[in-house]
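If you want the building blocks of each chain, they are given just below.
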Amino acid sequence: MTSSTRRWGLTDPLSNALPTDKELEMTETLLKELRAQGNFEAPEATEKRKQVLKHFQEVTLAFVRLVGQQKGLPASSLDDAGGMISTFGSYRLGVFGPGSDIDTLVVAPKHVTREDFFKHFPSLLAEKSPKDAIEESAPVPNAAVPIIKFKYSGISIDLIFVSLSLSSIPENLDLKEMKILRGLTEADSKSLNGTRVTDEILTLVPQVKTFRLALRAIKMWAQARAVYGNVIGFPGGVAWAMMVARICQCYPMATASTVVLKFFTLMAGWPWPRPVQLKEIEEGPFNFRTWNPMIYGSDKNHLMPVITPAYPSMCATHNITLSTKTVINRELEHAMKITNEIMDGKKPWKELFKRHAFFTEGYKYYLSVTSASRTKEAQSIWSGTVQSKIRRFLVSGIEISAEGVEIAHPFNEGFDRIHNCKNEDEVQEVLSGSMKYQVSVTKTTEEVHDFKQSIAAQGADALEMPTENGHKANPDGTFTIYTTTFYVGIELSPGEKSLDISYPVTQFKNECVSWDQYNAELNSVRVVHIRNYDLPDDVFKPGEKRPVKATKKTKKRTQQDAGLTDDSKGVKRHQTNGIAASAG
C-alpha cells in the first residue's frame, strides 16, 4: 500500500496531491535557510555521536556481565544475557543539531536492578573511557524517572535505565512490542516510554524525510519565539513532533514547505480541547494508567492535549496553562500569516524564525522572580526548584485568583548572574534585584545548561542541597552571590485599570520557602514588579530596541494601587502582599 492510498492516523487525508514545482522550490529554500542558521550538525560531529553510543553499548554488555558474575550466574547465562543501548528524543527522531544532547536508555535483563545500575555503571564507564571523557556527572536515583546526566567527550548525555523481565536482551530487541512491558512497574514503563513513543511516531508518518525537515523548521520557530519547554508550560520537543506528524498524516504526499504551511493553518484553528492523536488509544493488557478524560478528572482539565501513540498513552502537554495556551495560539496565528506571505513570495523564510518580542514589545508590566544563593552549588538546585514552582503556583495562581489579568506569560529561560558584594547591605541590594555589583557576563539557563538546575526544574526533590551557608568571605573580603531571575509578562484585561496579585505571589513564595531543603541562611527568593522600560540591559540582544518611558504627562498610578509596592517605607505592606519582600 502506497503513502497516497493508505489511511494515516484517525482520519482520511485532507489531500493526496503531489507537490508542485513551486512547493518543491520552497522546500529547497527552507532547507537552505535551516542550514544557514546552523540547524544541522557537521558530519564529523554526528560520527562522533555514533562512536560514543557504540562505546556505551560495549560498556553495557560488560556491565550486565559484571552484575551477573557477582550474582553467581552460570557462564552460559552470562554469555546469553546481552544488554542494549537505545536512544530517544531528538537524536532518534533524526532532528538533532549542534549542541543537542543524546537521550539514552540502557536496557538490561532481569537479573540487573536499578540499584546495580547506579552502583556499577558510572564507575565501569569511567574505567573503560579515556581520562577526562566524563564531565559534570549528576546521578539522580530517586527521581520519578531515575537518571544520570553527564557530558561525555563534550556531548550532553541523559542516561536512564530499565530492567526487563527477560533473561536475555539481544541488541536488536524491538522495544515497540507490548509484551516487553510485562512485569514492569509504572516507573519502569516511563523509562521505556521515550523510545517507544519515538519509534511509534516514525512508523506513523508517511514520509520520514519530509517529517524530519518540517519538524526541524517547527522546532527552530518554537525556540526562536520562546514557546518551547515543558517545564514552564509550553510544548516540549516530543509534543511539537507529534503535532507535525499529525499534519504529515493529513497531507501524506506533501513536501516539507507545505507541511510547515499547513501546520500553522491547522494548528492555529485546532478545536481544543480535542486531542491531537496519531492513532487510536490502545487498551493494553497491563495495569497502567492510560489517558482518558472520561475517567480521570485531571485528564479532562488538559487544555491542549497531545497524546503519545505508544501504550500506555499519556498527555505530553499537561503543563500548558490558560496563559501559555493563549500565547501559543497567538504565535501560531502570527506564524500562519508569515508562512502565507512566504509561500506567496512576499517574505523570505528567515522572517519565520525572527526572535521573540517578549521583552521588546511584549508587555508593559513584568514580574521579576529572583532566586539567590550564597554558593554556586546551592544555587544550581535552588534556582531549578524555584523555576519548577513558577508555572504551578505563580502563573496558575494569578490565572485563578487575580481578576483583571488577561495573561501571565512566563518566559521560558532564566538569567544567571554572579555578584560580588562588600557587605551585607550590598547583598540585600542584589537580593532585591540590583545589578550594580554584577561581575559576570549574564547567561541564560539554556546557555549554562546546568544539569542539576534542569533536574530540579522538573520538580525532582531527589537532589541534596549543600549545607554550607556561604557566609565565608572571599580572599578579597567580598561575598559572592549567585542569582537566577525569571520573568513573567503581565497583560491586563481590556479596560482594566486596577491590579492586585498579592495573594498568588504570597502563595508562590510560601511554596518556595516551605520546600524541605530551603535554608534561609543560604537561599532567598524575591518577586518584584517592574515596568518594561526598567528591564535590565542584558535581557536584550544587540540591535534590539528596548522600551522607553513615555513622555506624555498622565496621572501616575502608584505600585501600592496595584498591590505591587516595593519601597522601603512599605516594609509592613511587603510582608502582607508578598510581592517584593524577601523570603530569606
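Owing to the predicted nature of the structure, the values given are computational and were not obtained by experimental measurement.

### Observations regarding the environment of glutamate 496
No. 1: Here glutamate 496 shows up in the loop between strand E10 (479–492) and helix H17 (502–513).
No. 2: Overall, the relative accessible area of 31% leaves glutamate 496 in the partly exposed class.
No. 3: A C-alpha to C-alpha distance of 25 Å links glutamate 496 and phenylalanine 486, two positions 10 residues apart in sequence.

### Quick notes on the sheet that holds strand E5 (residues 155–163)
No. 1: Spatially, E1-E2-E5-E4-E3 is the arrangement adopted by the five strands of the open sheet, whose pairing is mixed. Edge positions in the sheet fall to strand E1 (84–88) and strand E3 (134–140), since each has one partner strand and no second. Shown here is a sheet whose adjacent strand axes are inclined to one another by a mean of 25°, direction ignored.
No. 2: Two elements, E1 and strand E2 (residues 102–108), share five bridges in a ladder whose sense is antiparallel. Bridging from a neighbouring strand, threonine 87 pairs with threonine 104 of E2.
No. 3: Against the sheet, helix H5 (residues 114–127) makes contact with E2, E3, strand E4 (147–152) and E5, and its axis sits at roughly 10° relative to E4, the strand it touches most.

### Digging into the pairing of E3
No. 1: Here E3 runs beside E4; their pairing, made up of five bridges, is antiparallel. Bridged to proline 139 within E4 is isoleucine 148.
No. 2: The turn joining E3 and E4, which pair antiparallel and follow one another in sequence, is formed by six residues.

### Quick look at the environment of glycine 362
No. 1: Position of glycine 362 relative to the elements: it lies in helix H12 (residues 358–362).
No. 2: Distance in space between the C-alpha atoms of glycine 362 and alanine 473 is 40 Å, their sequence separation being 111 residues.

### Some thoughts on the UniProt feature "binding site: Mg(2+) 1" (unreviewed entry) in the protein chain
No. 1: With numbering aligned to this structure, UniProt lists the feature "binding site: Mg(2+) 1" (unreviewed entry) at Asp101 and Asp103.
No. 2: One can find aspartate 101 in the loop between helix H4 (89–93) and E2.
No. 3: A relative accessible area of 18% places aspartate 101 in the buried class.
No. 4: The contact partners of aspartate 101, leaving out residues within four places of it in the chain, are Arg49, Ser90, Ser156 and Asp158.
No. 5: If you trace the backbone, aspartate 103 turns up in strand E2.
No. 6: We classify aspartate 103 as buried; its relative accessible area is 15%.

### So, the pattern of salt bridges
No. 1: For the coordinates displayed, the defined rule picks out 21 salt bridges.
No. 2: Of the charged contacts, one joins lysine 71 and aspartate 116 as a salt bridge, the two residues approaching to 2.7 Å between their closest N and O atoms. Here lysine 71, found in the loop between helix H2 (43–70) and helix H3 (75–81), pairs with aspartate 116, found in helix H5; they are 45 residues apart in sequence, far enough to count as distant.
No. 3: The class for lysine 71 is partly exposed, based on a relative accessible area of 41%.
No. 4: Accessibility expressed as a relative area gives 11% for aspartate 116, which makes it buried.

### Some points on the packing of aromatic side chains
No. 1: Summed over all chains, the structure comprises 29 aromatic pairs.
No. 2: Geometrically, the ring pair formed by tryptophan 270 and tryptophan 272 is tilted, given 5.9 Å between the ring centres and 50° between the ring planes. By the burial criterion, tryptophan 270 is buried, and tryptophan 272 matches it.
No. 3: Measuring from ring centre to ring centre gives 5.8 Å for phenylalanine 359 and phenylalanine 415, while their planes differ by 75°; the resulting arrangement is edge-to-face. On the criterion of sequence distance, the pair formed by phenylalanine 359 in helix H12 and phenylalanine 415 in strand E8 (residues 415–421) is long-range, its members being 56 residues apart.
No. 4: With relative accessibility at 1%, the residue phenylalanine 359 sits in the buried group.
No. 5: Ring pairing ties together the aromatic residues Phe358, Phe359, Tyr363, Tyr366, Phe411, Phe415, Tyr487 and Phe540, which thus form one cluster.

### Re helix H11 (residues 322–343)
No. 1: Compared with the 32 Å implied by 1.5 Å per residue over 22 residues, the 32 Å span of H11 between its first and last C-alpha is a close match.
No. 2: The inward-facing, buried residues of H11 abut helix H1 (21–36), helix H7 (208–224), helix H8 (237–250), helix H9 (256–268), helix H13 (376–401) and strand E7 (405–410).

### Overview of the packing of H1 against H7
No. 1: Between H1 and H7, the least distance of the axes is 11 Å, while the angle of their chain directions is 50°. By the angle class used here, H1 and H7 are oblique. The crossing of H1 and H7 is left-handed. Along the contact surface, H1 presents Thr27, Leu30, Leu31 and Leu34, while H7 presents Leu213, Arg216, Ala217 and Met220.
No. 2: In terms of residue class, the contact of H1 with H7 is built from six nonpolar, one polar and one charged.

### Side note on H9
No. 1: An ideal rise of 1.5 Å per residue puts 18 Å on 13 residues; H9 measures up with 18 Å between its terminal C-alpha atoms.
No. 2: Taken across its 13 residues, H9 has 11 buried, putting it largely inside the fold.
No. 3: Among the residues making up H9, those that are buried are Ala256, Ser257, Thr258, Val259, Val260, Leu261, Phe263, Phe264, Leu266, Met267 and Ala268.
No. 4: In this fold, the buried residues of H9 make contact with H1, H7, H8 and H11.

Reading the values: rules and limits
Counting of residues starts from 1 at the beginning of each chain's written sequence and follows it residue by residue. Where local features are concerned, this predicted model is filtered to residues with pLDDT of at least 70; where side-chain atom pairs are given and counted, the filter is 80 or more; whole-chain, interface and lining totals use all residues. Each side-chain value is derived from all of the structure's non-hydrogen atoms; neither hydrogens nor water enter the calculation. Secondary structure is summarised from DSSP: a helix means a run of H or I of at least four residues, a strand means a run of E of at least two, and numbering begins at the N terminus for each. Think of it in three bands: residues with accessible area under 20% of the maximum for their type are buried, residues over 50% are exposed, and the middle band is partly exposed, with areas taken using a 1.4 Å probe on protein chains only. Pairing between two strands requires that DSSP report at least two bridges joining them. Here the axes come from fitting lines to C-alpha atoms, over the contacting stretch only for helices, and the angles between their N-to-C directions go from 0 to 180 degrees. By definition, residues are in contact when any of their heavy atoms lie within 4.5 Å. UniProt positions are given in the numbering used here, feature names are shortened, and annotations may be inferred rather than shown by experiment. Within this document, salt bridges are pairs made up of a side-chain nitrogen of Lys or Arg and a carboxyl oxygen of Asp or Glu, the two lying within 4 Å of each other. Only the six-membered ring of Trp is used, alongside the rings of Phe and Tyr, when aromatic pairs are assigned; centres must lie within 6.5 Å, and planes under 30 degrees apart are stacked while those over 60 apart are edge-to-face, with the rest tilted. Multiply 1.5 Å by the residue count of a helix minus one, and that product is the helix's expected span. Angular relationships are summarised with four words: roughly parallel below 35 degrees, roughly antiparallel beyond 145, roughly perpendicular across 65 to 115, and oblique for the angles in between. If you view the pair so one helix is near and one far, a crossing is left-handed when the near helix is turned anticlockwise from the far one by less than a right angle, and right-handed when it is turned clockwise. Residue polarity is assigned by list, with Asp, Glu, Lys and Arg as charged and Ala, Val, Leu, Ile, Met, Phe, Trp, Tyr, Cys and Pro as nonpolar; anything else, Gly included, falls into the polar class.

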